[in-house]
Protein chains: 2
Amino acid sequence: MTKNTKVNAAILIIGNEILSGRTQDTNTSTLATWLNSIGVKVGEVRIIPDIEKTIIEKINILRAAYDYIFTTGGIGPTHDDITAESVSKAFGLKYKIHKEAFKILETYYKPGEFNEGRQKMVWMPENANLILNPTSGAPGFNVENVFCLPGVPSILKSMLGGLTNRIVGGKPILSLTISLRTVESEIANSLTKVQNDNKDVEIGSYPFFQAGKLGVSIVIRSEDQFKIDNCNSQILEFVNEKKIEVVDR
Amino acid sequence: MTKNTKVNAAILIIGNEILSGRTQDTNTSTLATWLNSIGVKVGEVRIIPDIEKTIIEKINILRAAYDYIFTTGGIGPTHDDITAESVSKAFGLKYKIHKEAFKILETYYKPGEFNEGRQKMVWMPENANLILNPTSGAPGFNVENVFCLPGVPSILKSMLGGLTNRIVGGKPILSLTISLRTVESEIANSLTKVQNDNKDVEIGSYPFFQAGKLGVSIVIRSEDQFKIDNCNSQILEFVNEKKIEVVDR
């Protein structure tokens, strides 16, 4: 895979607690920001319940459609942690004790503390590759292009550093934000013209409220800095003409 | 539809800014909490980019599979706001000026301020039903079971109250949370037994950190208060046996 290839990923958030509204997902934003920084574009996110059939089905759909899949949640010790068994079934692999993971947790816990509950966390798809967990011991794993991470945000975050060299990204996606003291409707037509002149650049427009004032952030995204700079000039041209203030944000 | 029927919904978050990690989605949690309160269970959430073909395809998949679909984002005045046109195409309806919406915005804005950019916001699928917006004027809309709301969280929130009587929910989904000063592995086996004895109740286990201490929240969810109480008793039984502290959270 050369650095010119576009590389994409899907994120699969597994957990009833997100679908019920009880827990606010923050892992999507963490993963997406990290993936962008290593040249992987997130094409889709799905949030699904802790139902084995659903997990298997979605993993098989997504792993065929995207270069990488990242799952979060469901790899702990309780009855509702069914990601590892579901991934085993999705790949038609045995679900069994992973010897290396067993050794890691045997060493991690004090003598006598590596109980039956904790031992559930070393059951994985056969020959899975471990993803080390510097926070709380229990590793994640990947099978082919499916990477399984925990749901607890601080633990997930701590595991990404060790994973970076296992993901082959494309060119990093660059972005530039221009924040303006205006409202979207004032710039909509001019911005449409810039987008039409630069069809392969992603231009987004996002209203914001800051210190009681309305504003709009325009975000320009591309793998090509030259194209970003070109859009930026075109935008600043109409911003100056319209005498719109550029603000820090 | 009687109050005994189970009613479900899917949420479709439309926006490149969520997929890039730039913006943290909070609308899922807002919508899911509100839907639960009126007896609608969220079965699935998808986050997708601002691409017309993708929006049309996903709307058509989801509206066939769920009782209700809620979309967020893409109904503003700029070039990247393509939800209304995409919904029109998904339903094979004309995309045209909605007279009632036009009147609302004509009255909302000061004379001369209802410019071409703002007028884009009254283009909708033919005969769409409006969803009033008490915050910033521009209405959302629904076509059949697809309800289209804005992406700005505060505006979205303000529109739900007016929508409640248009959604026919099932029995409200009740829940009870028991928070314990323990770790998941200590209770995993006992909790599995309770789940196996109560297969139609949803029991989730969620570790937390609070004031530097580890804990676990057990969440029991069902439409039937009796079943929740029954699970609660069974859980408190092993909690007492194991001398685990119950904590407020």
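Anything mentioned here points back to the structure above.
Cut-offs used in this document
Residues numbered from 1 in each chain as written. Chains lettered and ligands numbered in written order. Predicted model: local features only at pLDDT ≥ 70, side-chain atom pairs only at ≥ 80, totals over all residues. Heavy atoms only, no water. Helix = DSSP H or I, 4+ residues; strand = E, 2+ residues; numbered from the N terminus. Buried < 20%, exposed > 50% of the residue type's maximum accessible area, 1.4 Å probe, protein only. Contact = heavy atoms within 4.5 Å. Core = buried A, V, L, I, M, F, W, Y, C linked by side-chain atoms within 4.5 Å. Salt bridge = Lys/Arg side-chain N within 4 Å of Asp/Glu carboxyl O. Buried area = accessible area lost by both parts, 1.4 Å probe. Polar contact = N/O pair within 3.5 Å; in protein donor to acceptor, adjacent residues only side chain to side chain. Nonpolar A, V, L, I, M, F, W, Y, C, P; charged D, E, K, R; others polar. Pairing = 2+ DSSP bridges. Axes fitted to C-alpha atoms, helices over the stretch in contact; angles between N-to-C directions. Parallel < 35°, antiparallel > 145°, perpendicular 65-115°, else oblique. Left-handed = near helix turned anticlockwise from the far one by under 90°.

Student: Hey, could you run me through the environment of Asp25 of chain B in this one?
Tutor: Relative to the helices and strands, Asp25 of chain B is located in the loop between helix H1 (16–19) and helix H2 (27–37). Assessed through its relative accessible area of 10%, Asp25 of chain B is described here as buried. Between the C-alpha atoms of Asp25 of chain B and Pro153 of chain B, which are 128 residues apart in sequence, the distance is 8.6 Å. In this structure, Asp25 of chain B is in contact with Gln24 and Asp25 of chain A together with Ile13 and Ile18 of chain B, ignoring residues within four places of it in sequence.

Student: Sorry, what's going on with the nonpolar core here?
Tutor: Buried together is how nonpolar side chains tend to be arranged in soluble globular proteins. With 54 residues, the main nonpolar core has Trp34, Phe70 and Leu149 of chain A together with Trp34, Phe70 and Leu149 of chain B as its most contacted residues. Apart from residues no more than four positions distant in its own chain, Trp34 of chain A is found in contact with Phe70, Leu160, Leu163, Thr164 and Ile167 of chain A. In this structure, Ile55, Leu62, Ile82 and Met124 of chain B belong to the second largest nonpolar core, which totals 30 residues.

Student: How should unusual backbone geometry be read in this particular structure?
Tutor: When glycine is set aside, most residues are seen to have a negative phi, and most peptide bonds are trans. If you check the backbone angles, Asn127 of chain A has positive phi at about 60° while not being a glycine. For Asn127 of chain A, a relative accessible area of 69% puts it in the exposed group.

Student: How do you make sense of the pattern of salt bridges when you look at a structure like this?
Tutor: Opposite charge on two side chains allows them to pair when their charged atoms are near. All names here are of chain A. Enumeration over the complete set of coordinates arrives at 18 salt bridges over all chains. One salt bridge in this structure joins Glu52 and Lys89, with 3.0 Å as the shortest N-O distance. Linking Glu52 in helix H3 (residues 52–65) with Lys89 in helix H4 (residues 83–91), this pair joins segments that are 37 residues apart in sequence. For Lys89, a relative accessible area of 43% puts it in the partly exposed group.

Student: Explain the interface of chain B and chain A to me, please; I cannot follow it from the model alone.
Tutor: Often, the extent of an interface is quoted as the loss of accessible area on bringing the components together. Each partner contributes to the interface: chain B provides 54 residues, whereas chain A provides 54 residues. Across the interface of chain B and chain A, roughly 4,300 Å² is buried in total on both sides, 52% from carbon and sulfur atoms. Across the chain B-chain A interface, the total number found is 0 salt bridges. Viewed at the interface, chain A and chain B are joined by 21 residue pairs in polar contact (both at pLDDT 80 or more). Looking at which element gives the most residues to the side of chain B that touches chain A, the answer is helix H8 (residues 184–197) of chain B, with 8 residues. The residue inventory of the side of chain B that touches chain A, partitioned by class, reads 17 nonpolar, 23 polar and 14 charged. With 3 bridges joining them, strand E2 (residues 40–48) of chain A and strand E2 (residues 40–48) of chain B adopt antiparallel strand pairing. Within the sheet, the bridge partner assigned to Val45 of chain A lies in E2 of chain B and is Ile47 of chain B.

Student: Teacher, can you tell me more about the packing of H3 of chain A against H4 of chain A here?
Tutor: Axes are the key here: two packed helices are described by the angle between their axes and the distance separating the axes. Residues and elements named next belong to chain A. Across the interface, H3 lies against H4 with an axial gap of 9 Å and an inter-helix angle of 55°. The orientation of H3 with respect to H4, classified from their angle, is oblique. Handedness of the crossing formed by H3 with H4: right-handed. The segment H3 lies against H4, with Glu52, Ile55, Ile56, Ile59, Asn60 and Arg63 engaging Glu85, Ser86, Val87, Lys89, Ala90 and Phe91. Looking at the contact of H3 with H4 residue by residue, the classes come out as 6 nonpolar, 2 polar and 4 charged.

Student: I'm lost on the sheet that holds strand E9 (residues 174–181) of chain A in this one. Help?
Tutor: Sheet strands associate in pairs through backbone hydrogen bonding, adopting either a parallel or an antiparallel arrangement. Residue and element names in this part refer to chain A. Read across the open sheet, the 4 strands follow the order E10-E11-E9-E12; overall the sheet is antiparallel. Edge strands, defined here as strands with exactly one partner in the open sheet, are strand E10 (202–210) and strand E12 (245–247). Going across the sheet, the axis of each strand differs from the next one's by a mean of 35°, ignoring polarity. As paired strands, E9 and E12 are joined by 3 bridges and run antiparallel to one another. Looking at E12, one finds that Arg181 is bridged to Glu245. The strands touched by helix H9 (residues 225–241) within the sheet are E9, E10, strand E11 (213–222) and E12, with E9 carrying the most contacts at an inclination of about 10°.

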